[in-house]
Amino acid sequence: MRILIRNGRVIDPANDIDKTADVYISDGRIAAVGSMNDFQPDRTIDADGCLVVPGLVDLSTRLREPGAEHKATIGSELRAAAAGGVTTLCMPPDTDPVIDTPAVVDMIQRRSRQLGLVGVYTLGALTKGLAGETLAEMDTLKAAGCVGVGNALRPIANSQVLRRAFEYAASCELKVFYDAEDAALRAGGVAHEGAVSTRLGLPGIPETAETVAISRALLLAEQTGVSLHICRVTTARGLELIQAARERGLAVTADVGICYLHLTADNLLDANPDCHLLPPLRDAANRDALRAGLADGGVTAICSDHQPHDADAKAGPFVATEPGAATLEQWLPLTLQLAGHAGLELPRLIAAVTSQPARILDLAAGTLTVGRSADICVVDPLAPVEVTADQGLSAGRNTPFAGHTLKGRVRYTMRRGKFTHADESHSA
Amino acid sequence: MTTPQQHDPDNNSQLDAQGRLRHFLTTEGLSRDQLTQILDYAETFAGVGERPVKKVPLLRGKTIMNLFFEPSTRTRTTFELAAKRLSADVLNLNIEASATKKGETLADTLHTLEAMHCDMFVVRHAQSGAAHYIARQVAPHVSVINAGDGSHAHPTQAMLDVFTIRQHKPDFSQLTVAIVGDIAHSRVARSEIHALKALGVKTLRVVGPRTLIPAGVEQLGVEVFHDLDQGLRDVDVVMMLRLQRERMAGAYIPSEHEYFRRYGLTEARLAVAKPDAIVMHPGPINRGVEIDSQIADGRHSVILQQVSHGIAIRMAVMAMTLGRQGGENTADEDAG
């Protein structure tokens, strides 16, 4: 199959390309970007007015399978991912059972390969059962295919265990994906500690729940030499700590979830449980600092932080609901919509959802380099996307953006030269 | 962009299309006029308890369910008394997490109870936001009164406190009020702050150790003090809050003894307040922990008046929310 994607604005940050060009695909690989003689396409896509970018690479997508199939399944979420322009994603280890044995990795790989929609990678558990007490069999998990290890949203209270886990992960040459939250400072909290939590009488999570944990992780990373990635930074102070560690020579990366770049604790004022996230949505100053960090490189990548839930999980008073938002299908439009904020040009934003996360995961993905697998997303940046709670392919209806019209409709998603999503409506 | 859909703005969900109280969930967002209307209406009920026949027929034929997911004696009793004095039928249901512990969701519990055709739920629940959530679930003719949700709101308690203040100090614009104690966990304090700010008190202070003062509270329009002597200087009204024993286990304060030493209200402490200052407490009192017996039983104390005013306030709120179709009835017109 030979495919020609004509006349789109090709943005390929890894190769520093941002120009109107044709993309040639042959045998599932990128054959050329620009022009190519004697190419007889079997199919031609007119991408006039669209962006042609690498397929998105998501650092954190919860598929909910195994263990929470009442919320979502690998099938439902991979279809949603493909519709959202995603071609590669990484799952945190907090499934049930936890990803701490090769069997779970195998099961996830087998199910996702059958579908063939998205390349699925897994993080293994850092501690057995994510209990924070004993080490998981990291080398076995690495052999089974895990691209890194982490403890998801289960903080490791014991610093000695964390130190040993870092040391052992470093020995196995595994990167640690660390969700920075201090167990005790977070305990019981559901909202950013500040004026909004005070007004609503909600138990707060102070910024120090994150910054204390980041400090500890950075110091232990310096001591142990582990390769560290900090997941879901939400605070300005956290970014400062990370930047200071970099200046001391530590090669540490960091990501933010897409919701945290748009929403703040003020969005809790109407008690919408879909805005119940962990870590919590913080105030506008922190949100602005995350945007600035994205512009100056302090934030390495943006992830969807997709967490689909069933209706029951989001029913009840705010404190009684489960945290997390379903975001996969809004991830790219919400990212594109950041363009225009100071220092946030499209190539930088596209890099944050393609080449940068691929680099963090050490995967040959997220670029349109000739010869690489043809993982491509064609998106019309001006076409409206109406978000309603009951539309979309994800089984999770828990989007904080229901009722909004976003811009950025994914027209085509291609993985390994095959279309995994095609929206031929072209209504705009 | 990026304000999510305002599907239920907190402050207006308790009003109906005509701007009348349909539920009573919070004092936040209510105007001075709306609050004054509640207080004025409560005045008309204040004498009912002293009549030989302590009943008015305003809510005859209505069924009110006291739905208490958290234990309470005095609040439940005054709600029950208020409902009975309005001639409503009252059911008391102490759920205390029994049904909900069995895996039944709050919504399921509610729909089951609603099938019994109640007209009003008076709800107390340990989780902030529970009353708002329940108000969103009930059928259109059903009203919900918040009898305390988590650390969020306790609007009838705040209104009876404000009612009591008004009886002693009618001009709010001249008042300095101090709320003392565990502000962080207090739904009473939050509801009082919203009501007193809306009614235009001159100065509103909160006093307590940093561990019990919630973050950003000054954005609600209060002045923060950590020293009781400074916080009480020249105040007209002192509102003491109850200290829960679990605060010691949570490492908020070291001991009751030390709390009393630093924040307990004594005659000596009260000396810096205005000579005619009144002292209030929502009860039940921890004598010798937050307040000295001499003060609780002394000439400044209006604590027992608060309790009887609670019945009038609850009658007013019940009659206003359930009696909306009937227009502006008063107890005098309808007493018979």
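Just so it is clear, the model here is predicted, and its values are computed rather than measured. (Residues numbered from 1 in each chain as written. Chains lettered and ligands numbered in written order. Predicted model: local features only at pLDDT ≥ 70, side-chain atom pairs only at ≥ 80, totals over all residues. Heavy atoms only, no water.)

1. Some words on the confidence of the model for chain B
All names here are of chain B.
- Mean pLDDT over chain B: 89, with 90% of residues reaching 70 or higher.
- Note that pLDDT drops below 50 for residues 1-11; the model gives that stretch 37 contacts with residues more than four away or on any other chain.
- Within the model, pLDDT remains below 50 along residues 326-336, and this stretch shows 17 contacts once partners closer than five positions in the same chain are excluded. (pLDDT = per-residue confidence, 0-100. Contact = heavy atoms within 4.5 Å.)

2. Side note on the domain arrangement of chain B
All names here are of chain B.
- In terms of domains, chain B is made up of domain 1 (11-150 + 308-321) and domain 2 (155-301).
- Between the C-alpha centres of domain 1 and domain 2 there is a distance of 26 Å.
- Facing the 29 residues of domain 1 at the interface are 20 residues of domain 2.
- Of the roughly 2,100 Å² buried between domain 1 and domain 2, counting both surfaces, carbon and sulfur atoms make up 62%.
- Of all residues in domain 1, Thr27, Leu39 and His309 give up the largest surface area on contact with domain 2, accounting jointly for 29% of the area buried on that side.
- Remark: the boundary between domain 1 and domain 2 carries 3 salt bridges. (Domains from an automatic or database assignment. Buried area = accessible area lost by both parts, 1.4 Å probe. Salt bridge = Lys/Arg side-chain N within 4 Å of Asp/Glu carboxyl O.)

3. Some words on the UniProt feature "binding site: carbamoyl phosphate" (unreviewed entry) in chain B
All names here are of chain B.
- The feature "binding site: carbamoyl phosphate" (unreviewed entry), as given by UniProt, occupies Arg74, Thr75, Arg124, His154, Gln157, Gly283 and Pro284 in the numbering adopted here.
- For Arg74, a relative accessible area of 38% translates into the label partly exposed.
- Not counting chain neighbours up to four residues away, the residues in contact with His154 comprise Thr75, Arg124, Asn146, Ala147, Gly148, Arg187, Val188, Ser191 and Arg314. (UniProt positions renumbered as here; feature names shortened; annotations may be inferred. Buried < 20%, exposed > 50% of the residue type's maximum accessible area, 1.4 Å probe, protein only.)

4. Focus: the interface of chain A and chain B
- In this assembly, 30 residues from chain A lie in contact with 28 residues from chain B.
- With both chains or domains summed, chain A and chain B bury close to 2,200 Å², and 55% of this area falls on carbon and sulfur atoms.
- Broken down residue by residue, the surface that chain A buries against chain B is led by Thr198, Arg199 and Asp270 of chain A, which jointly contribute 29%.
- Applying the counting criterion to the chain A and chain B interface returns 1 salt bridge.
- With a shortest N-O distance of 2.5 Å, Arg199 of chain A and Glu28 of chain B are connected by a salt bridge.
- On the surface where chain A and chain B come into contact, there are 5 residue pairs in polar contact (both at pLDDT 80 or more).
- A per-element tally of the side of chain A that touches chain B places helix α6 (residues 195-200) of chain A first, with 4 residues. (Polar contact = N/O pair within 3.5 Å; in protein donor to acceptor, adjacent residues only side chain to side chain. Helix = DSSP H or I, 4+ residues; strand = E, 2+ residues; numbered from the N terminus.)

5. Points about the domain arrangement of chain A
Residues and elements named next belong to chain A.
- The domains assigned to chain A are domain 1 (3-52 + 376-386 + 402-422) and domain 2 (55-361).
- Counting from both sides, the interface comprises 19 residues of domain 1 and, opposite them, 25 residues of domain 2.
- The largest per-residue losses of area from domain 1 upon contact with domain 2 belong to Pro13, Leu406 and Arg415, which jointly make up 31% of the total buried on that side.
- Linking domain 1 to domain 2 there are 0 salt bridges.
- Joining domain 1 to domain 2, the criterion identifies 3 residue pairs in polar contact (both at pLDDT 80 or more).
- Contributions of two or more residues to the side of domain 1 that touches domain 2 are made by β1 (2-12), β16 (376-386), β17 (405-415) and β18 (418-422).
- Of the residues forming the side of domain 1 that touches domain 2, the biggest block, 7 residues, is contributed by β17.

6. Remarks on unusual backbone geometry
- Residue Pro66 of chain A follows Glu65 of chain A across a cis peptide bond; omega there is 5 degrees.
- In this structure, Pro66 of chain A sits in the loop between β6 (56-58) and α1 (74-83).
- Cis geometry is adopted by the peptide bond preceding Pro97 of chain A, which originates at Asp96 of chain A and carries an omega value of 5 degrees.
- Assignment of secondary structure puts Pro97 of chain A in the loop between β7 (86-91) and α2 (102-115).
- Phi is positive for Ala271 of chain A, close to 60 degrees, though the residue is something other than glycine.
- Examined against the element boundaries, Ala271 of chain A turns out to sit in the loop between β14 (252-257) and α9 (284-296).
- For Ser87 of chain B, which is not a glycine, the phi torsion comes out positive at approximately 70 degrees.
- Residue position: Ser87 of chain B is located in the loop between α2 (74-85) and β2 (89-94).

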